[in-house]
Amino acid sequence: MNTTALTYVYAVTQPTSALDQVLPALHGIGTGALRLLPTAAPTATASGGGGSAPLAFVAADVPERDFNEAALKNHFEDLDWLEYVARAHHDVVQAVAAHAPVLPLRMATVYHDDHRARQALTAQHHAFSQRFDQLRAHTEYGVKIYLTPSTAPDTEQAPVGSPAPPVSPGKAYLRARKTQHHTREAAYQEAQQAAQAIDAIATRHATHRVRHPPQRGALTTAQENVLNDAYLIPDDQAEEFQTSIAEAARHFPGLRIEVTGPWAPYSFATPPPEPPDASSASGNPDAPAAPPQLP
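So, a few notes on the structure that sits alongside this text. (Residues numbered from 1 in each chain as written. Predicted model: local features only at pLDDT ≥ 70, side-chain atom pairs only at ≥ 80, totals over all residues. Heavy atoms only, no water.)

## Brief notes about the packing of aromatic side chains
All chains considered together, the criterion is met by seven aromatic pairs. Consider the rings of tyrosine 8 and tyrosine 10, whose centres lie 4.7 Å apart with planes at 50°: the pair is tilted. Look at tyrosine 8 and phenylalanine 67: their rings are 5.6 Å apart centre to centre, the planes differ by 80°, and that puts the pair in the edge-to-face class. With tyrosine 8 in strand 1 (residues 5-13) and phenylalanine 67 in helix 2 (residues 64-67), this pair connects stretches of sequence that are 59 residues apart. Just as tyrosine 8 is buried, phenylalanine 67 falls in that class too. Among the aromatic residues, those joined into a ring-pair cluster are Tyr8, Tyr10, Phe67, Phe76 and Trp81. Geometry around tyrosine 146 places arginine 256 over its ring, the cationic atom sitting 4.1 Å from the centre. (Phe/Tyr/Trp six-rings, centres within 6.5 Å; stacked < 30°, edge-to-face > 60°. Helix = DSSP H or I, 4+ residues; strand = E, 2+ residues; numbered from the N terminus. Buried < 20%, exposed > 50% of the residue type's maximum accessible area, 1.4 Å probe, protein only. Lys NZ or Arg CZ within 6 Å of the ring centre and 35° of its normal.)

## Quick notes on helix 5 (residues 114-123)
Buried within helix 5 are the following residues: Ala117, Ala120 and Leu121. Mapping the buried residues of helix 5 onto a view down its axis gives an arc of 95°, with all of them on the same face. Set apart from the buried face of helix 5 by more than 90 degrees, the exposed residues are His115 and Ala123. Where the residues of helix 5 are buried, they touch strand 1, strand 2 (35-38), strand 3 (56-63), strand 5 (110-111) and helix 6 (125-135). (Arc of directions from axis to C-beta. Contact = heavy atoms within 4.5 Å.)

## What about the sheet that holds strand 8 (residues 224-234)?
Here four strands make up an open sheet; going across it, the order is 7-8-6-9 and the pairing antiparallel. Each edge of the open sheet is held by one strand with a lone partner, namely strand 7 (208-211) and strand 9 (255-263). Taken pair by pair, the neighbouring strands of this sheet meet at an average axis angle of 20°, ignoring direction. Relative to strand 8, strand 7 is paired through four bridges, and the arrangement is antiparallel. The residue of strand 8 that forms the bridge with histidine 208 is leucine 232. (Pairing = 2+ DSSP bridges. Axes fitted to C-alpha atoms, helices over the stretch in contact; angles between N-to-C directions.)

Rendered as structure tokens:
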């Protein structure tokens, strides 16, 4: 392997013949060709039971100068770079998911070389196999609630046909702030009611839920995100789940309720503990780093 390159790992997969055919046509970060790094033949479980299916990392070379510890620390302050890498990573995962089972890994999961990556996969083979068993025939969907921002401060209106009484600038400001406060309180109450309605729907359909922090910052929309949940939905209930959320959204016209997906199970493919040779320091080439969420 080129000493100026690191091994970037996108996901864990169970190799299929269809994936072997499409992988050469996929493109990830930069110009590195995608490849599979498989473990050995099916391995026995830790409890001594039967064998489990072979696994492989979906991997590619990336320039060491862009993904070493110092470079990552700098890049994680660069929103353009973050968005490019996050979207490229996501595109590879989604493309693989169309042809094979997949467990997405976090953005910037890199190893010094293929040998280190294979060691990590072998060490975590049993745990990854368990995750595949738990997620089979399920798909991730996201549900987000947004408050619609006011385009201008609300003010008290005088009766039609009556001259507006003179108001000092200070009093006008306080009135506007008070009205704005009441408007936002009402919006938050409506959002809470919507969240309760979504919870009731999820109780009927979802097998697992992850509450992500509301999205903030430059990669988000202008609207305020107040709920950002992920749900693991059985495939045979996905259509009913989406329809139920859409019907519930019509009862909350002051909000934007958005269903996203289907996604590969990003929120439910928690990687097992890092391999013994991997450091937890931010930006270390062997340590996973959490990505910004895609809007």
